[in-house]
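Fold and geometry: a report
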Amino acid sequence: MKLLSVNVGKAVPVEYTDAPSGTTGVDKRPVDGPVRLSRPGPKGVGASGVAGDDVCDLRFHGGPDRAAYAYAREDLDFWEDEANRAFAAGSFGENLTMEGVDVTNALIGERWQVGGVLVEVTGGRIPCRTFQGFLAEQGWVKRFTRAGRPGALLRVIEEGEVRAGDPITVVHRPAHAVTVGTLFHAATLDRTRLAETLVAAEWMESGLLGLAREYAAKYGSA
């Protein structure tokens, strides 16, 4: 398992975003050399945990539970076949393009050592209008959701530097069965399963945690 590239994006104005700023940093490109990963400030204030990376809509991106976004090269390859087009590293707005990592089946709360950084999996990416507009793929939100390959949102536990080629090691897996794919499916396609994901509550990113708690409070845990 290794890190293929570290990708950052700069804010640019676009017509296909709902961000109050009218800008997006979704177009991420690989960068050379070491890149520092750190813990951003609180949600709504802190932006990306990846140095040099712009986050433009702090309502849904950035903050400590979404400090970075990882996607597997193998999942990009799946989409190349599905969409019949090439997807370079960073094409899905991911900061970390990984190889050999089963991102979808990573447990919420699983920890990875990536180079000099320790990160923790907090959830999966929920597709939005900006993502669809950037890729210019018809029906992209529905297609991405049905495929169930959301990539992983990450919390930075130990700050440091990463670079392309760094090895990735799974150093901890919590004692529950809620994976990135399980949580994503519950949040998008089968909300009756949201309550059962709360066994992973202490590790979940705040948006998905709030959704799961709201559902459980309204409908119960059964």
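Residues numbered from 1 in each chain as written. Predicted model: local features only at pLDDT ≥ 70, side-chain atom pairs only at ≥ 80, totals over all residues. Heavy atoms only, no water.

1. Describing helix H3 (residues 140-147)
Let me state the cut-off plainly: Note on exposure labels: buried denotes an accessible area under 20% of the residue type's maximum, exposed denotes more than 50%, and partly exposed covers the range between, all computed with a 1.4 Å probe on protein chains only. Put simply, DSSP H or I for four residues or longer makes a helix, DSSP E for two residues or longer makes a strand, and each gets a number counted from the N terminus. Contacts: residue pairs with any heavy atoms within 4.5 Å of one another.
Those residues of H3 that fall on the buried side of the exposure criterion are Trp140, Arg143, Phe144 and Thr145. Buried-residue contacts for H3 involve strand E6 (68-72), helix H1 (73-83), helix H2 (129-135) and helix H4 (180-188). Immediately downstream of H3, the backbone of Gly148 shows phi near 65°, a positive value.

2. Overview of the packing of H1 against H3
The condition that has to hold: Angular values range over 0 to 180 degrees, each being the angle between N-to-C directions of two axes fitted as lines to C-alpha atoms, with helices fitted over their stretch in contact. Orientation is classified from the angle alone, with under 35 degrees giving roughly parallel, over 145 giving roughly antiparallel, 65 to 115 giving roughly perpendicular, and any other angle giving oblique. Put simply, a crossing is left-handed when the front helix is turned counterclockwise from the back one by less than a right angle, and right-handed when it is turned clockwise. Under the scheme applied here, ten amino acids are nonpolar (Ala, Val, Leu, Ile, Met, Phe, Trp, Tyr, Cys and Pro), four are charged (Asp, Glu, Lys and Arg), and all others, including Gly, are polar.
With their axes 13 Å apart at the nearest point, H1 and H3 run at an angle of 130° to one another. Between H1 and H3, the angle falls in the class oblique. Crossing geometry of H1 relative to H3 is assigned as right-handed. Facing H1, whose interface residues are Phe78, Trp79, Glu82 and Ala83, H3 presents Trp140, Arg143, Phe144 and Ala147. Among the residues forming the contact of H1 with H3, the class breakdown is 6 nonpolar, no polar and 2 charged.

3. A short note on the packing of aromatic side chains
We apply this condition: When two rings of Phe, Tyr or Trp (its six-membered ring) have centres within 6.5 Å they constitute a pair, described as stacked for plane angles under 30 degrees, edge-to-face for angles over 60, and tilted for the intermediate range. Here, a charge over a ring means that NZ of Lys or CZ of Arg falls within 6 Å of the ring centre while also lying within 35 degrees of the ring normal.
This structure, assessed with the given rule, holds 15 aromatic pairs. Linked through ring pairs, Tyr69, Tyr71, Phe78, Trp79, Phe87, Phe92, Phe131, Trp140, Phe144 and Phe184 together constitute an aromatic cluster. One residue, Arg125, lies across the ring of Phe131, its end atom 3.6 Å from the ring centre. Between Arg149 and the ring centre of Phe78, over which it is positioned, the NZ or CZ distance is 3.8 Å.

4. A short note on the sheet that holds strand E7 (residues 96-99)
Put simply, the rule reads: What makes two strands pair is DSSP finding at least two bridges between them.
Read across the sheet, 8 strands follow the order E4-E1-E7-E6-E10-E9-E8-E12 without closing on themselves; strand pairing throughout is mixed. In this open sheet, the two edge strands, each paired with only one partner strand, are strand E4 (28-30) and strand E12 (168-172). Sheet twist, expressed as the mean angle between neighbouring strand axes with direction ignored, is 35°. The sheet contact formed by E6 and strand E10 (residues 152-158) spans 3 bridges and is antiparallel. Residue pairing for E10: Ala70 is matched across the bridge by Ala152.

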